[in-house]
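For reference, the chains in residue letters:
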Amino acid sequence: MSTNNISIGKTTDSFEDLQILSQKEAEKISKTLEIKEGEKLRFGFWTSDFPELICEAVFHKNVEGNIEFELDFGQTTL
């Protein structure tokens, strides 16, 4: 599973704001992805000014064929 990197927000933004930005960006991404059954795509969300990891997002297809994602803020470097 390869990781794609997304730059959003700044290190001066509050962590709460960065979480909201991550959620919104993940929702946008989920509408554009083509994922095969059983495949998972991982994205790293990083601050754009100085690269600090905000969270990782994993996208997959559910049983109905819809794209879902989970955000993991446990890996943050902020």
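Keep in mind it's a predicted model, so treat the numbers as computed, not measured.

Trainee: So what's going on with the packing of aromatic side chains? Residues and values would help.
Mentor: The way to describe two aromatic rings as a pair is by their centre distance and the angle between their planes. Within the structure shown, the criterion is met by 3 aromatic pairs. Where phenylalanine 15 meets phenylalanine 73, the ring centres are 5.8 Å apart and the plane angle is 80°; that geometry is what we call edge-to-face. Of this pair, phenylalanine 15 sits in helix α1 (residues 15-30) while phenylalanine 73 sits in the segment after β4 (67-72), and the two are 58 residues apart along the sequence. By relative accessible area, which is 22% here, phenylalanine 73 ends up partly exposed. The interplanar angle of 45° and the centroid separation of 5.5 Å between the aromatic rings of phenylalanine 59 and phenylalanine 69 together place this pair among those described as tilted. With phenylalanine 59 in strand β3 (residues 53-61) and phenylalanine 69 in strand β4, this pair connects stretches of sequence that are 10 residues apart. The class for phenylalanine 69 is partly exposed, based on a relative accessible area of 21%. In this structure an aromatic cluster arises from ring pairing among Phe43, Phe59 and Phe69.

What counts, and at which threshold
- Residues numbered from 1 in each chain as written.
- Predicted model: local features only at pLDDT ≥ 70, side-chain atom pairs only at ≥ 80, totals over all residues.
- Heavy atoms only, no water.
- Phe/Tyr/Trp six-rings, centres within 6.5 Å; stacked < 30°, edge-to-face > 60°.
- Helix = DSSP H or I, 4+ residues; strand = E, 2+ residues; numbered from the N terminus.
- Buried < 20%, exposed > 50% of the residue type's maximum accessible area, 1.4 Å probe, protein only.

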